[in-house]
Each structure stands twice: as C-alpha cells, then as structure tokens.
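Chain by chain, the residues:
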Amino acid sequence: MENNRNYMVAIGLSIVVLIAWQFFYVSPKMERERADTQQERTVSAEQATSGSDAASGSDAAIPSSATTDTATPSGGTADQPASREDAVASGSRITIDTPALAGSINLAGARIDDLHLKEYHEEVDPSSPTITLLSPAATDLGYFAEVGYVSGTQGQTAPGPNTEWTAEGGTTLTPSSPVTLSWDNGSGLTFTRTISVDDNYMFAFEDSVTNESGEAVTLANYGRVTRYFKPKTAGIYVLHEGLIGVAGENGLQEIDYSDVEEDGTVTPGHGSGGWVGITDKYWATAVIPQPGTGFDSRFGYFKDGRARYQSDFKSDDIQVAAGASASTTTRVFAGAKEVQVIDGYDKSLGILNFDLMIDWGWFYFLTKPMFWLLDFFYHLVGNFGVSILLTTILVKAVFFPLANKSYKSMANMKKVQPKMEELKQKHGDDRMALQQAMMALYKEEKINPVAGCWPVLLQIPVFFSLYKVIYITIEMRHAPFFGWIQDLSAPDPTSLFNLFGLLPYDVPHALMIGVWPLIMGITMFLQMRMNPTPPDPTQAMIFTWMPVVFTFMLASFPAGLVIYWAWNNTLSVIQQGVIMKRQGVKIELWDNLRNLFSRKKQKPET
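The rules behind the values
- Residues numbered from 1 in each chain as written.
- Predicted model: local features only at pLDDT ≥ 70, side-chain atom pairs only at ≥ 80, totals over all residues.
- Heavy atoms only, no water.
- Helix = DSSP H or I, 4+ residues; strand = E, 2+ residues; numbered from the N terminus.
- Buried < 20%, exposed > 50% of the residue type's maximum accessible area, 1.4 Å probe, protein only.
- Contact = heavy atoms within 4.5 Å.
- Areas by Shrake-Rupley, 256 points an atom, 1.4 Å probe, with all protein chains shown as cover.
- Phe/Tyr/Trp six-rings, centres within 6.5 Å; stacked < 30°, edge-to-face > 60°.
- Salt bridge = Lys/Arg side-chain N within 4 Å of Asp/Glu carboxyl O.
- pLDDT = per-residue confidence, 0-100.
- Pairing = 2+ DSSP bridges.
- 1 Å grid on protein atoms, 1.4 Å probe; cavity = no way out; pocket = protein on both sides within 12 Å on 5 of 7 lines; lining within 4 Å.
- Points joined across faces, edges and corners; volume = space filled by probe spheres on them.
- Patch = residues over 30% accessible without salt bridge, like charges linked within 9 Å, V, L, I, M, F, W, Y side chains within 5 Å.
- Expected span 1.5 Å × (residues − 1).
- Lys, Arg positive; Asp, Glu negative; His and termini not counted.
- Charge placed at Lys NZ, Arg CZ, Asp CG, Glu CD.
- Axes fitted to C-alpha atoms, helices over the stretch in contact; angles between N-to-C directions.

Caption draft 1: Expanded view of the overall build of the chain. Counting its regular elements, the chain contains 17 helices and 22 strands. Split into buried and exposed, the 606 residues of the chain put 54% on the buried side. Long-range contacts, defined here as pairs at least 24 residues apart, represent 68% of the contacts in the chain between residues at least 6 apart. Counting every atom, the chain has about 26,100 Å² of accessible surface; 57% of that belongs to carbon and sulfur.

Okay, structure coming up:
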C-alpha cells in the first residue's frame, strides 16, 4: 500500500540518520564513554623535558619567552617526569581555596598550574578523587594558564615564564581575600599584580606597571593556555574538544588537535573582544584579554623544546611614558562548563561570545532551548530523568495538532483500504494507471498519503537536540534517575545476557542490552504493530526487525536518551489508539500480535 510504503521510507530514513549518529557521534566502546569523566588519567603523554630559553622559529606575535616553557620546575628529567606532588612542592606558591576550587599558584611565572574541581569527581561514587584540571609543566600531564608581558623596548625586561614574583599581601587566595604580587625588573619598571577569584571559576589578574626608568617604554600583555599532552577525546563529530576561541569579528575558532598538529599554527588575525583557550568535553581553560583591547590570537602546536599545544593572545602595544603608570586586567577561566555560570560571565563581564565555550552546535536554536526546558523542570522536581519525561509530554503537546492531523490521515487511509484493493484488482500490473487512480482517490477523500510519516520525522530533530544536550552538558554528567540508572549521560549498565547482573560474569560491549533499551524496543514494537503489516515481504521484514535493530543500536546511547525514546513511544501508542478509536478505525495491534505469534503454528500449503 502506498501509505505503508511512504511510512517505511520515512522509518528507513530515520534508521540511516541514527546509524550515522551512531558511527560519527557515539563511540562503539563503553570504556571510551566512561573515559570522558577522567580524561586527564587516560592520556598518551609526551615525555617531560626541561625547556630552552632560546627557542628557534618563535612566532613574532608572541616572543619565545611566552611560547617556550622556561619555567619548568625542578624534579623532572627527560627520562623520568616529576611526580605531581614533587612538582607542586618544588616552588613557592599561593594557596587557592574557594567553594569550587582547590590548588595553588606558582610564583614562578605567577601561573595557575595546580587546580582541582571540588564539586566534581572522576566517578559517580562521591568518594572517588576530584577532577584534576591543571598540573605543573614538569609532570607528564602538564597543563596551565599564564599571564605576562613582553617588552618592545630594548634593555627593558618584562615579567614572563621565568619571573619570580614576590608575595606582598596574603598567602591564600579566596573569593574574599585577593593576593598581591610584585616584581621589579631592576631597570626602572615596577610591576604589581593583584589576583582575585570568584566563587566559581574566574580569576582576575589586575596588573599595573610604574615607569621610573626616565624614558618611555613599550609593553604588550599576553596570555596563554599550554598543554603538554594530547588528551583522549570522545572523537565524535557532535562534540569539539581541542583549541578554541573567539577573536572579535573573526568569530568562533574550533581547532582540533590533529589539525593543529598538521598546520603548526593557526592565526585568526587581529580582533577586539574575545578569548582563547583549550576545551574538553566538560572542562575548559581560557585566557581573556581586557574587553575593548585589541589583540592577536594564535593556536599552535610547538615542537621547540618540549612539544605542546597552546592557545594564546598578545595585546596591542601599551605605551608607558616616563614617570607614568599603566594598568590592564586579564581574566583566566579554569573550571567546569556549567551553563548558567558560562552564560553569566558572558553577560556580567561583557566577554564576547563566551557562551560558545559550550558546544551547542549549528542547531543551537534547538539544543539550547531544549536545555533550558530540561533545566526548568529539573529545578521543579529535582531529577533530570523526571525532567526528561515531563519535557517529552510538553513537546508532545506542542506538536499535538500536527501529530493529530497525521494520525487522522492514517486512520482515513485505513478507511479507504477496501477501495484501494479494488483499484489494485482492476488495474493489475499497470502501475502507471494504478498510481493515477490512487492519487484520484486520495484527492476525492482529501487524504495526504505522506501525512503518516510526520510522527516519525518529527522525532528526529527532538531526538537530536535532546541527544546533544544529554551528551555535552555537564549538568547531565552523573545525574541519576531511579534504581540502577545513576548517570543519565552514560549507557544503561545492565545486560540481558548476564540476567542483569544475576550471573557472575561480564558481557562484551556489543551485548550490553540493558533494561531500558529493552523497554524502548518493546514500546517501538507495539507502536509499529498499531498499523497493518505491509503486504510487501521486504517491507514486512523491515517492519518486524526494526525494533530489534533499534534496541541493539540505542543500547550504547546515553540512558537519558533511551528513556526519552521509550516514553515517547508509549505516549505515541496511547495517542494513536485514542485517535483511531475516535475515527472509528480498527486498532490493528491485537490482531497483529495474535497473527505474529500464531504464524509459527500455521504450515504453508504445499
């Protein structure tokens, strides 16, 4: 039948889309999914080595003093990198203690290279270690943020990677107690730096320089985020992990690790307003020039000295007259990519497009509203799983008029089924005449033959936006539902093939078919059995096996998405049943189930 053919085409297209998502967006290995929560522990690190002060081939945008790590703490060698504990203990430091962060600032370079996220753990278990975001350069997981100056006046030095700052006030940095550092270059320039931090993840470096050298000097402010290893990424197209930034009118720049390894450096050009940094799935580190200040940004992979990935900027020159002072403020973000926090910085601090730190994708007009809706319900009920159920109901209500019209059209198609059978008998193998007669019948009965495809097609953009939100937002990380689902962003951890944990052995990843994927498959099976089985054998086979294929395919998807799909199918079955009953059309579900299970008892005639 034509309506069944169109329906099968729509379902077939949805399968192609979902298989593409599975291939490009979802890792086939569950271990890779779980590794997202502890990326810093699953890296293929470059070997640590001491830096060289005279780096060859340094880019003119930022001199070698800012691109080469010359401040590697002692305790590490090329053959044996320093342990994190030894590297942290090797230098003078300022302690960081805030509601969200713990760590320290190295007075060598005044760099933030020791940072833990108090509120986030590597595993669902709250007793597991907290996330380590930044580490000293001498370790195999060296990763830090640094702010400094480069001098444009001969004979005048400026604070950079090797500068040993002196603590003038405070030994512990808290939201209520900033710390003050100072450095004198011995040639008439005195630098004072006040570092403050808020309750979340934003540091402010307020720098001032006093020129008592007797002549005007030229300086430029720089900021960099440097990483000495390549982290294990999710490796899927739906999510960017790597170097990132916004440079004024140049817009958002997203540079993958592999791309920067091939290109060496990427220079978006001069801009005013923006930021540069390195982003992971849930965490990020960025340096932010003073708003309104022009700067050149750069993303690079440098092999001089020790290989490293780096996002950096260099501001326009600052002229400091003799006897005068100049000041600038550079901010450093280092923490979790919480939506409300990131959006708040974008608005309150005037950071250009800082909300793009979270990868909402090209379809942000769907994904971000979907998050707002989920977050709204979450704050009402306190459970993101329940929030998904409520969001599904609301989306169903919004699309009810269109879905209602589609189901009515499908019901009307069933009403004219006897007439369609008469046309088939009348025209036989003359397919052209049959098509013309069927189109005339559709027109006479005011039926849209493709209307039945809409209930399936409408699920695709909602499915995609919900998948994106569940996958990329940290709010979904380790968010529990009920029972065994303790992380909606991870697949259902149970499996049919060990009786959901009753049998004492693990099963291969491909056989991790949990409770919720099975529920989803059953609801999809029931939804499809609401309609007559297609007479074409190929279509009938697709009709029968599609729920099985979807069950295996969605088993590796986040549990939150599978719960949505199962709940959506359930609501669709109820909705379609009510509409069919109102239209006086027979519901095929029970007959289809009876025929399916009795078919094996019937032997074909010979």
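That covers the picture; the talk isn't over yet.
Caption draft 2: Region of the structure containing the packing of aromatic side chains. Across all of its chains, the model carries 25 aromatic pairs by this definition. Ring centres 5.5 Å apart and planes at 45 degrees place the aromatic pair Tyr-149 and Phe-191 in the tilted group. With a gap of 42 residues between them, Tyr-149 in strand S6 (residues 143-151) and Phe-191 in strand S10 (residues 189-197) connect regions that are remote in the sequence. Both residues of the pair, Tyr-149 and Phe-191, count as buried. Their ring planes at 25 degrees and their centres at 5.8 Å tell us that Tyr-467 and Tyr-471 sit as a pair that is stacked.

Caption draft 3: Quick look at helix H6 (residues 339-348). Those residues of H6 that sit buried are Val-339, Val-341, Ile-342, Asp-343 and Tyr-345. Buried residues in H6 make contact with strand S11 (202-211), strand S22 (325-336) and helix H7 (364-381).

Caption draft 4: Geometry of the pattern of salt bridges. One pass over the full model with this rule turns up 14 salt bridges. With a shortest N-O distance of 3.8 Å, Asp-359 and Lys-468 are connected by a salt bridge. Here the residue Asp-359 occupies a position in the loop between H6 and H7, and Lys-468 occupies one in helix H13 (residues 459-472), the gap between them amounting to 109 residues. The class for Asp-359 is buried, based on a relative accessible area of 12%.

Caption draft 5: Just the environment of Ser-187, in detail. Its location among the elements puts Ser-187 in the loop between strand S9 (179-184) and S10. Setting aside chain neighbours within four positions, we find Ser-187 in contact with Gly-155, Gln-156 and Ser-213.

Caption draft 6: Molecular detail of the confidence of the model for the chain. Of all residues in the chain, 79% attain a pLDDT of 70 or more, and the chain-wide mean is 81. Confidence over residues 22-61 falls short of pLDDT 50; this stretch has 103 contacts with residues more than four positions distant or in other chains.

Caption draft 7: Examining the pairing of strand S19 (residues 294-302) more closely. Taken across its nine residues, S19 has eight buried, putting it largely inside the fold. Where strand S16 (residues 265-272) lies against S19, six bridges are found, and the strand directions are antiparallel. Residue Gly-271 lies in a different strand from S19, and its bridge partner there is Phe-295. In textbook terms, the turn of a hairpin is the stretch between consecutive antiparallel strands, and for S19 and strand S20 (residues 308-315) this stretch comprises five residues, one of which, Gly-305, has a positive phi near 65 degrees.

Caption draft 8: Region of the structure containing unusual backbone geometry. Residue Asn-353 is not a glycine yet carries a positive backbone phi of 55 degrees. Note on placement: Asn-353 falls in the loop between H6 and H7. According to the relative accessible area criterion, Asn-353 is partly exposed, its value standing at 32%. In the Ramachandran plot, His-478 falls in the positive-phi region, its phi being about 60 degrees despite a non-glycine side chain. Relative to the helices and strands, His-478 is located in the loop between H13 and helix H14 (515-528). A relative accessible area of 18% means that His-478 is categorised as buried.

Caption draft 9: Spatial organisation of the layout of surface pockets. Quantified by volume, the largest pocket comes out at close to 840 Å³. When residues of the lining of the largest pocket are traced back to their parent elements, those giving at least two are helix H1 (2-25), strand S15 (252-256), helix H5 (257-263), H7 and H13. Top contributing element to the lining of the largest pocket by residue count: H13, with four residues.

Caption draft 10: Main features of a nonpolar patch on the surface. Taken together, the side chains of Leu-496, Phe-497, Phe-500, Met-541, Trp-545, Val-548, Val-549 and Phe-552 make up a nonpolar region of the molecular surface, amounting to roughly 720 Å² of accessible area. The topology assignment puts Leu-496 in the loop between H13 and H14.

Caption draft 11: Molecular detail of helix H11 (residues 431-445). Its 15 residues give H11 an end-to-end C-alpha distance of 21 Å, which sits within 8% of 21 Å, the value for a rise of 1.5 Å per residue. Among the residues making up H11, those that are buried are Ala-433, Leu-434, Ala-437, Met-438, Leu-441 and Tyr-442.

Caption draft 12: Looking closely at a negative patch on the surface. A contiguous patch of negative charge, built from Glu-254, Asp-256, Asp-259, Glu-262 and Asp-263, is present on the exposed surface. Those elements giving two or more residues to the negative patch turn out to be S15 and H5. At three residues, the largest contribution of residues to the negative patch is made by H5. A relative accessible area of 66% means that Glu-262 is categorised as exposed.

Caption draft 13: Just the sheet that holds S11, in detail. Pairing in this open sheet of nine strands is antiparallel, and the strands run S7-S9-S10-S11-S22-S18-S17-S14-S15 from one edge to the other. Lying at the two open borders of the sheet, with one neighbouring strand each, are strand S7 (166-169) and S15. Direction aside, neighbouring strands of the sheet carry axes that sit 20 degrees apart on average. With six bridges joining them, strand S18 (residues 283-288) and S22 adopt antiparallel strand pairing.

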